[in-house]
Amino acid sequence: MIDTGDTAFMLLAAALVMLMTPGLALFYGGLVRTKNVLGTMMQSFICLGIVSIIWVFYGYSLAFGPDIGGIIGSLAFFGHKGVGMEPGPYSDTIPHLTFSAFQLMFAIITPALITGAFAERMKFSGFLLFTVLWSTFVYMPVCHWVWGGGWLGSLGALDFAGGTVIHINSGVAALAAALVIGKRKGYQKQPIYPHNLTLTVLGVALLWFGWFGFNAGSALSANGTASMAFFTTQVATGVAALSWILMEKIHRGKPTTLGAASGALAGLVAITPAAGFVGPVSSVIIGFLAGMICYSGILLKEKLGYDDSLDVVAIHGLGGFWGALATGLFATVGATGLFSGNPKQFVIQLVAVVSVMAFSFIASLILLKLVDVTVGLRVSEEEEIQGLDLTQHGETGYSL
Amino acid sequence: MIDTGDTAFMLLAAALVMLMTPGLALFYGGLVRTKNVLGTMMQSFICLGIVSIIWVFYGYSLAFGPDIGGIIGSLAFFGHKGVGMEPGPYSDTIPHLTFSAFQLMFAIITPALITGAFAERMKFSGFLLFTVLWSTFVYMPVCHWVWGGGWLGSLGALDFAGGTVIHINSGVAALAAALVIGKRKGYQKQPIYPHNLTLTVLGVALLWFGWFGFNAGSALSANGTASMAFFTTQVATGVAALSWILMEKIHRGKPTTLGAASGALAGLVAITPAAGFVGPVSSVIIGFLAGMICYSGILLKEKLGYDDSLDVVAIHGLGGFWGALATGLFATVGATGLFSGNPKQFVIQLVAVVSVMAFSFIASLILLKLVDVTVGLRVSEEEEIQGLDLTQHGETGYSL
Amino acid sequence: MIDTGDTAFMLLAAALVMLMTPGLALFYGGLVRTKNVLGTMMQSFICLGIVSIIWVFYGYSLAFGPDIGGIIGSLAFFGHKGVGMEPGPYSDTIPHLTFSAFQLMFAIITPALITGAFAERMKFSGFLLFTVLWSTFVYMPVCHWVWGGGWLGSLGALDFAGGTVIHINSGVAALAAALVIGKRKGYQKQPIYPHNLTLTVLGVALLWFGWFGFNAGSALSANGTASMAFFTTQVATGVAALSWILMEKIHRGKPTTLGAASGALAGLVAITPAAGFVGPVSSVIIGFLAGMICYSGILLKEKLGYDDSLDVVAIHGLGGFWGALATGLFATVGATGLFSGNPKQFVIQLVAVVSVMAFSFIASLILLKLVDVTVGLRVSEEEEIQGLDLTQHGETGYSL
Amino acid sequence: MKKIEAIIKPFKLDEVKETLHKLGIQGMTISEVQGFGRQKGHKEIYRGAEYEVDFLPKMKIEIVVTSDMVDSVVEAIVAAAKTGKIGDGKIFIIPIEEAIRIRTGESGDSAI
Amino acid sequence: MKKIEAIIKPFKLDEVKETLHKLGIQGMTISEVQGFGRQKGHKEIYRGAEYEVDFLPKMKIEIVVTSDMVDSVVEAIVAAAKTGKIGDGKIFIIPIEEAIRIRTGESGDSAI
Amino acid sequence: MKKIEAIIKPFKLDEVKETLHKLGIQGMTISEVQGFGRQKGHKEIYRGAEYEVDFLPKMKIEIVVTSDMVDSVVEAIVAAAKTGKIGDGKIFIIPIEEAIRIRTGESGDSAI
Ligand SMILES: Nc1ncnc2c1ncn2[C@@H]1O[C@H](COP(=O)(O)OP(=O)(O)O)[C@@H](O)[C@H]1O
Ligand SMILES: Nc1ncnc2c1ncn2[C@@H]1O[C@H](COP(=O)(O)OP(=O)(O)O)[C@@H](O)[C@H]1O
Ligand SMILES: Nc1ncnc2c1ncn2[C@@H]1O[C@H](COP(=O)(O)OP(=O)(O)O)[C@@H](O)[C@H]1O
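A quick note: this is a predicted structure, and the numbers were derived from the prediction, not measured. (Residues numbered from 1 in each chain as written. Chains lettered and ligands numbered in written order. Predicted model: local features only at pLDDT ≥ 70, side-chain atom pairs only at ≥ 80, totals over all residues. Heavy atoms only, no water.)

### A few points about the overall build of chain D
Inference 1: Looking only at helices and strands, chain D has 2 helices and 7 strands in total.
Inference 2: Rg of the C-alpha trace for chain D: 17 Å, well past the compact-globule value of 13 Å for 112 residues, more than 25% over.
Inference 3: Along the longest, intermediate and shortest principal axes, the C-alpha atoms of chain D span 60 × 30 × 20 Å.
Inference 4: Within chain D, buried positions represent 58% of all 112 residues.
Inference 5: About 4500 Å² of surface is accessible on chain D, with carbon and sulfur atoms providing 50% of the total.
Inference 6: With 17 positive and 18 negative side-chain charges, chain D shows a spacing of 6 Å between the two charge centroids. (Helix = DSSP H or I, 4+ residues; strand = E, 2+ residues; numbered from the N terminus. Rg over C-alpha atoms; globule rule 2.2 N^0.38 Å. Buried < 20%, exposed > 50% of the residue type's maximum accessible area, 1.4 Å probe, protein only. Areas by Shrake-Rupley, 256 points an atom, 1.4 Å probe, with all protein chains shown as cover. Lys, Arg positive; Asp, Glu negative; His and termini not counted. Charge placed at Lys NZ, Arg CZ, Asp CG, Glu CD.)

Set out below in structure tokens:
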């Protein structure tokens, strides 16, 4: 039977998660150069359109439709047929449509996260095609594997709110994208600065706010688990912001605002798979290490020399990786991890993570190449100099 | 009896709708020139004050007080006498005050919407007077007609969340305002650009987020209808953003960020009256056509040559018009429309729309003229050149 | 037993209150000069980290642990031991962790409010140390006194959502800070302008939005009291925005946007202690006087000549003071004030207010001096000229 | 060759540009400046206090022309930029010893 | 007539303006520029990396005066803008052949 | 002494700066300007309408050098700033009568 408390909770959680995508647009938009601010924001924003239309027709059905061999959902829910105002298979206390709306928001933000990797040089047409393909052929299957009745869920992999489905998945795709599209003109030769860090701080604030919907909402009910997920989210995020700026202080002598924002994001990512499975003190540890690990990931990138413009790999890829394993280590609430004497869970987590990494990397590579040879991935050098805003959209961000 | 789930839902929905007014301030603020950014934001922001005080004393009572002849509410609820912590006549499961708070937010944003039409040239004093008058003599009656027990509601007009009461009403008033106040200096001679599109994207994001409260909240309960309204809102909005940039691509060769934002707004407007009455696939169609219709409306304005600065007529007027009719066409949930064999509904929708248009246009014209001959509507030419920020408020938006 | 409606309400209220801290960062960030925008935002933002970690370990326990002599909580809840998914001592219908998460957000924003007083000249290291000390030795005890079973609560002091605990407390600490750290270079000699009022308007919008969680959430249940608190919050805030710009119009000839934003904040502060105890018409009066009183407070500062950079004393100190007394005057809902024939309540309010003022002022002074002689409070003159962003964080806000 | 530097009111820029185009001027460089002069500034209000802001936004136009063009350009600017109200701005004539076009390296009158 | 171009530290602008007012200077034009010189820039930190930013914000003041005023204006600027630390800036004197006031069309010394 | 004013494409700034450093140039002043010239502007789209934006962002470099350095500086700028495409910009040479270093008060060639 529909519970108004749970339904209220899930509808609002869905609204909060929706807000994360514009939050991401602001976060990313602030980090690029002025000439690319709109092009960058647009790539996140328009995912709200692209993925919604895919979802209504076949996306939800592929991800959450009746399972076919553990691999994919059937098209039984095509056009949301039979997905209505009554509870569905995933919860008894909320309308099936509420569940779908909530999950839609996850499906929207995942491809948006990837855009940070190819920021400042991607063709808009190429981006659109890539997003349609990646949503269809990478996101929907992986989502099904973990949450839709697929093989990873059956295996017992724990992913409270999407560490694997969303963060590792997008982080690995980001790595593929950075490698295929190549470096920005001038990368590591001229400094490339963020043009407006107030947007970035605002963006991370909206992400943090929305993430309460993301993580607590993943309980699908306004209950104790949701409360635990809410609490651990707050704590891990705050702590990761601190540990990141501590790293900066040690490494560069000064704690930065961007560092605090980036650390918060790292904490949000890392706690995502663990949120409802671990206790408050564990969340401190997860957050603390998240800040350190993701910061180190960025230093590693500098060394390896690929140009993941906005550090999707280091933050979402590595952060998600750490979070998924940490779930296997620290789980005590409604599941047990290695430290509570269940090493098997840790192994399962590893299997899940590695499988998704391999699949996502290879599939993303193929799709990127496909887009490259068809509509093209990268703008011309002249367009890159002039910026995406003018060349792709005929606009400028500011005329102050 | 009060239901905590419904009350939680409605209180948060009211908070979300409140956020739409500052969201609109940002949306509009980004679209004007730097010298008018604060003046423009102020016109939306201060509605939060003006309408709240009207509402506490007589506004709520006029709109929702005991009906007098189908035309207006009585003053029985003056000063919110008898409107308290117990359920009221409009819902059995939430406190009467919650209903009033929710409806207050609608009453606030409606006059704020109109400000886009006379942006960059309205006197602040004239604006204040106009807003007080328009709220009292246009909004409250129309709201009563449709939702407060008035004649349009009795006729069976469907307006789920305010397509007629809010969008057509403000869109038509905007047309009157644009005609009475005249064009901005330099309009169609010099280009007049948006000064900060990041504000505009942020604004539309907050509007979209808040609109979930607006549309889903209009179910007054965290139930299946709310879920349907939530889902159709998301889908129509995303699709309209896409259809708008598709139009741009065809017409001007490039899809713009402002186009995506404007399309989203058009979708939000159009789905408003229909949200809880139509299914997911219908919402795709409503959204798709909303983007096309509102885009065309803007082209029409260019031709007709009136200066509706921020396109309130094309987006809210036309979008609301399309949405109200679409409700009469596509309704299947809890009501039936033309396509489900109920042509009468379509006719009722037409009657409601045309009545409100006629009333709002004429009443707005009269009020505008009244303001013009008393405190004055328009700033002097010199003030217009210097900008509203300095001349009306003694401030400047930025000193970067 | 856990009620899903109440839990949904409180989790979302907690999320809303969390958003207030970044909202404050934006509000304050817009008011300083460009060279200090990030440093200023950082001081609010990082409270999300500092206070969260304090809270998990000993903060919650000091404030809400089993009472020791009316003065402080015991360490029984150290590390959130025993604070779990079941209801706790403060509510029967929500998980104990939800209560803790909600209260955590209050503990975060309180020290962030103080930062407005020493904006544009505080060392980041000094700020960090001060915040840790102040949270521990001032916030936690005062919070315990009023809400955690301490002596002021027992005395019958009314503080619905934190007028005394949060606003008077931070306002008085702000006065101490402004006196100890001294004036900004150039204060009252050169004009010091806000650099970006669009951020400030956005900030106050997020504060207003989040404050619904703050005030209505303080009912701890989605009930009639929450509805009353929600309604009075909206009304007092809107009215205070109007009364502030009315003062400006009379005093300086022009109503400003910053005035409307400041007035709204004053209204939010003043209604906080009263929100659930007074009716709609009283909230009009409280809001109206809040705008006038806080505006006058700013004029007083100009005369007295101390440099409370962003007017924390006038808005939070004075506004909270007025609100706490007004609660003793106007209370009619669930309590009675002077005007309903209960003068004792007014006396109790006075005792509470004066005690907290005295304690907070003296304790803050001591802590500030301590920080000054250890890591230092103030940046060097050269650093002040160059700005906090570059000297404390190695960053610049904008490169447009 | 001479450089003509004109400080004008910003909203007159479009008119000046057009007039110069008609004169056959092919190039110019524009920048935003702040002017102090006889024209008074404005007042800004900030939380109860009032500040005199004494600078005014102006546009600076720089045009390098052959010496024979100077008079007609000056006249054209005066005609287009004049409102007759205080603060209309100034024109200054500065000697230029040489001009080089970067693209071709050519110098002298043909470079401008 | 001469144009005096001074590049100064931004926070010295108010003092310089005041000194010039006292000298009876009625007009000037100001703009924001970036300077490179002996004064070192600063470091900016961005996600673990550190960048040298070698330009520094400076203010450029342009004042056209009659030739006899040049020395006193230069002295006044030096006095007001000097901190004695590297990066205080430069003053350059440039010949002006003519000045025109747009509002009145008048030219020569009376136009400035 | 001469002032060299170069209007260049913004993305060439780093290269020009480096070349000048190699030449031993110790100081220069940079500002953002908008250029009108033979190079065409771009189109901006705004809600169904299309506008020609005819100005282009350019960088202005000002360097005061002793007269004997002029030729080598000009050559260096041309070499570094040239793309060969329209819009590369111009260099103008302006006489400077005097230069003063604010910090020390010294004047003449040693001041630059
Ligand atoms: N001596 C000067 N040197 C440089 N710029 C000047 C000078 N006098 C005026 N200006 C510039 O010209 C602008 C207009 O001057 P102003 O005295 O206000 O009016 P008007 O030109 O009508 O006499 C000023 O804002 C300033 O930018
Ligand atoms: N040769 C030059 N041409 C143009 N501007 C210069 C020149 N040398 C210095 N400047 C300007 O003067 C400023 C101060 O110069 P700098 O060498 O740092 O210190 P100082 O003037 O104390 O010797 C620079 O930032 C630059 O803007
Ligand atoms: N006569 C001029 N006076 C001042 N600036 C000029 C003049 N001609 C060109 N410029 C500047 O030089 C820039 C480049 O000129 P343009 O004609 O586009 O190309 P090119 O230099 O390759 O011939 C212009 O954008 C403008 O800033």
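### Some details on the overall build of chain A
Inference 1: On a plain count of helices and strands, chain A comes out with 15 helices and 4 strands.
Inference 2: Computed over C-alpha atoms, the radius of gyration of chain A comes to 20 Å, within 12% of the 21 Å expected from 2.2 N^0.38 for 400 residues, which places it in the range of a compact globule.
Inference 3: Structurally, chain A occupies a C-alpha span of about 60 × 50 × 40 Å along its principal axes.
Inference 4: By the burial criterion, 73% of the 400 residues in chain A qualify as buried.
Inference 5: By sequence separation, contacts in chain A at least 24 residues apart represent 77% of the contacts at least 6 residues apart.
Inference 6: Counting 17 positive and 19 negative side-chain charges, chain A places the averaged centre of each group 12 Å from the other. (Contact = heavy atoms within 4.5 Å.)

### Some points on the packing of helix α12 (residues 312–330) of chain B against helix α13 (residues 343–373) of chain B
Residue and element names in this part refer to chain B.
Inference 1: The interhelical angle for the contact between α12 and α13, taken along N-to-C directions, is 160°, at an axis separation of 7 Å. When the interaxial angle is binned, α12 and α13 end up roughly antiparallel. In terms of crossing hand, the pair formed by α12 and α13 is right-handed. Facing α12, whose interface residues are F321, A324, L325, T327, G328 and L329, α13 presents Q345, F346, Q349, L350, V353 and M357.
Inference 2: Here the contact of α12 with α13 is composed, by residue class, of 8 nonpolar, 4 polar and no charged. (Axes fitted to C-alpha atoms, helices over the stretch in contact; angles between N-to-C directions. Parallel < 35°, antiparallel > 145°, perpendicular 65-115°, else oblique. Left-handed = near helix turned anticlockwise from the far one by under 90°. Nonpolar A, V, L, I, M, F, W, Y, C, P; charged D, E, K, R; others polar.)

### Notes on the interface of chain B and chain A
Inference 1: Counting from both sides, the interface comprises 51 residues of chain B and, opposite them, 55 residues of chain A.
Inference 2: Taken together, both faces of the contact between chain B and chain A bury some 4100 Å²; the carbon and sulfur share is 80%.
Inference 3: The interface formed by chain B and chain A holds 0 salt bridges in total.
Inference 4: There are 12 residue pairs in polar contact (both at pLDDT 80 or more) connecting chain B and chain A.
Inference 5: Mapped by element, the contributors of at least two residues to the side of chain B that touches chain A are α1 (4–31), α8 (197–217), α9 (224–252), α10 (257–271) and α11 (280–304) of chain B.
Inference 6: Ranked by residue count, the leading element in the side of chain B that touches chain A is α9 of chain B, at 14 residues.
Inference 7: When the residues that make up the side of chain B that touches chain A are grouped by side-chain class, the tally is 35 nonpolar, 13 polar and 3 charged. (Buried area = accessible area lost by both parts, 1.4 Å probe. Salt bridge = Lys/Arg side-chain N within 4 Å of Asp/Glu carboxyl O. Polar contact = N/O pair within 3.5 Å; in protein donor to acceptor, adjacent residues only side chain to side chain.)

### Structural notes on the interface of chain C and chain D
A common way to express how large an interface is: the accessible area buried when the components associate.
Inference 1: At the interface, 20 residues of chain C touch 10 residues of chain D.
Inference 2: Ranking the residues of chain C by area buried against chain D places Y193, R252 and L258 of chain C at the top, with a combined share of 40%.
Inference 3: Here chain C is connected to chain D by 2 salt bridges.
Inference 4: The partner of R252 of chain C in a salt bridge is E50 of chain D, with the nearest N and O atoms 3.9 Å apart.
Inference 5: A per-element tally of the side of chain C that touches chain D places helix α11 (residues 280–304) of chain C first, with 4 residues.
Inference 6: Grouping the constituent residues of the side of chain C that touches chain D by class yields 12 nonpolar, 4 polar and 4 charged.

### Some words on the relation of the copies chain B and chain A
Inference 1: Between the two copies, chain B and chain A, the superposition gives an RMSD of 0.0 Å; the rotation angle is 120° and the shift along the axis is 0.0 Å. Taken together, the rotation and translation describe the operation of a three-fold axis. When each C-alpha of chain B is compared by its distance to the rotation axis, G5 of chain B comes out closest, at 2.2 Å.
Inference 2: Here only 16% of the interface residues in chain B have copies in chain A that are interface residues too; the copies meet through unlike faces. (Least-squares fit on C-alpha atoms with pLDDT ≥ 70 in both.)

### Considerations on the arrangement of the chains
Inference 1: Separated in space, chain A and chain D share no contact, their closest pair of C-alpha atoms being 11 Å apart.
Inference 2: With no contact formed, the shortest span from any C-alpha in chain B to any C-alpha in chain E equals 11 Å.

### Describing empty space enclosed by the protein
Remark: the empty space left among the atoms is shown by a probe the size of a water molecule rolled over them.
Inference 1: Applying the stated criterion to the full structure yields 11 cavities of 30 Å³ or more.
Inference 2: Roughly 130 Å³ of volume is contained in the largest cavity.
Inference 3: Where the lining of the largest cavity is concerned, the elements lending two or more residues are α8 (197–217) of chain A, α8 of chain B together with α8 (197–217) of chain C. (1 Å grid on protein atoms, 1.4 Å probe; cavity = no way out; pocket = protein on both sides within 12 Å on 5 of 7 lines; lining within 4 Å. Points joined across faces, edges and corners; volume = space filled by probe spheres on them.)

### Examining the site of ligand 3
Inference 1: Residues in contact with ligand 3 amount to 21 residues; listed here are only the nearest, T29, R101 and R103 of chain D together with R38 and G87 of chain F.
Inference 2: Residues within reach of ligand 3 are spread across chains D and F.
Inference 3: One nitrogen or oxygen atom from the main chain of G27 of chain D is found 3.4 Å from a nitrogen atom belonging to ligand 3.
Inference 4: With respect to ligand 3, the backbone of G87 of chain F contributes an N or O atom lying 2.8 Å from an oxygen atom.
Inference 5: Surface burial for ligand 3 is 99%, taken as the share of its 550 Å² of free accessible area covered by protein chains.
Inference 6: Mapped onto the shell around ligand 3, the elements with two or more residues apiece are β2 (28–36) and β5 (56–65) of chain D together with β2 (28–36) and β6 (90–95) of chain F.
Inference 7: The leading source of residues in the shell around ligand 3 is β5 of chain D, at 3 residues.
Inference 8: Here the shell around ligand 3 is composed, by residue class, of 7 nonpolar, 7 polar and 7 charged. (Near = heavy atom within 4 Å.)

### A few points about the site of ligand 1
Inference 1: The immediate surroundings of ligand 1 are formed by 21 residues, with R38 and G87 of chain D together with T29, R101 and R103 of chain E found nearest.
Inference 2: The residues that come close to ligand 1 belong to more than one chain, namely chains D and E.
Inference 3: Note that a nitrogen atom of ligand 1 is positioned 3.4 Å from one of the backbone N or O atoms of G27 of chain E.
Inference 4: R103 of chain E is positioned with one of its side-chain polar atoms (N or O) 2.7 Å from an oxygen atom of ligand 1.
Inference 5: For ligand 1, whose accessible area on its own is 540 Å², the fraction buried by protein is 98%.

### Comments concerning the pairing of strand β4 (residues 91–95) of chain A
All names here are of chain A.
Inference 1: Two strands pair when backbone bridges link them, and strand β3 (residues 87–88) and β4 are joined in this way by 2 bridges, in the antiparallel orientation. Paired with G88 across the bridge in β4 is S91.
Inference 2: Here β3 folds back onto β4 in antiparallel fashion, the turn holding 2 residues. (Pairing = 2+ DSSP bridges.)

### Here we look at the nonpolar core
Where a protein is soluble and globular, its nonpolar side chains tend to be buried together.
Inference 1: Counting residues in each nonpolar core, the largest one holds 478 residues, and the members touching the most others are Y139 of chain A, Y139 of chain B together with Y139 and F209 of chain C.
Inference 2: Beyond its immediate stretch of four places on either side in the chain, F209 of chain C contacts F209 of chain A, A15, L16, M18, L19 and F209 of chain B together with L16 and L19 of chain C. (Core = buried A, V, L, I, M, F, W, Y, C linked by side-chain atoms within 4.5 Å.)

### Re helix α12 (residues 312–330) of chain C
Inference 1: Between its first and last C-alpha, α12 of chain C extends 25 Å over 19 residues, near the 27 Å set by a 1.5 Å rise per residue.
Inference 2: α12 of chain C sits mainly inside the fold: 17 of its 19 residues count as buried. (Expected span 1.5 Å × (residues − 1).)

### Topic: the confidence of the model for chain D
Inference 1: Mean pLDDT over chain D stands at 95; residues scoring 70 or higher make up 100%.
Inference 2: Confidence metrics for the complex model read pTM 0.98 and ipTM 0.98. (pLDDT = per-residue confidence, 0-100.)

### A word on helix α1 (residues 4–31) of chain A
Inference 1: Between its first and last C-alpha atoms α1 of chain A spans 41 Å; for 28 residues at 1.5 Å apiece the expected length is 40 Å, and the two agree.
Inference 2: Regarding α1 of chain A, its N-cap is D3 of chain A, as a side-chain oxygen of that residue lies 2.8 Å from the backbone nitrogen of G5 of chain A further along.

### Quick word on the packing of aromatic side chains
Inference 1: By the definition in use, this model includes 80 aromatic pairs over all chains.
Inference 2: Summarising the aromatic geometry, the rings of Y90 of chain A and F99 of chain A are spaced 4.7 Å apart at their centres and angled 10° between planes, so their arrangement reads as stacked.
Inference 3: By relative accessible area, which is 24% here, Y90 of chain A ends up partly exposed.
Inference 4: In this structure F99 of chain A comes out as buried when scored by relative accessible area, which is 5%.
Inference 5: On the basis of an interplanar angle of 55° and a centroid distance of 5.7 Å, the ring pair of W145 of chain B and W151 of chain B is categorised as tilted.
Inference 6: Exposure remark for W145 of chain B: the relative accessible area of 8% places this residue in the buried category. (Phe/Tyr/Trp six-rings, centres within 6.5 Å; stacked < 30°, edge-to-face > 60°.)

### With respect to the environment of T391 of chain C
Inference 1: Mapped onto the elements of the fold, T391 of chain C is located in helix α15 (residues 388–393).
Inference 2: Given a relative accessible area of 11%, T391 of chain C falls into the buried group.
Inference 3: Each C-alpha atom of the pair T391 of chain C and A219 of chain C lies 44 Å from the other, and the pair is 172 residues apart in sequence.
Inference 4: Beyond its immediate stretch of four places on either side in the chain, T391 of chain C contacts K254 of chain A together with E383 and Q386 of chain C.
Inference 5: Looking at T391 of chain C, its side chain comes within polar contact range of the side chain of Q392 of chain C, at 3.4 Å.

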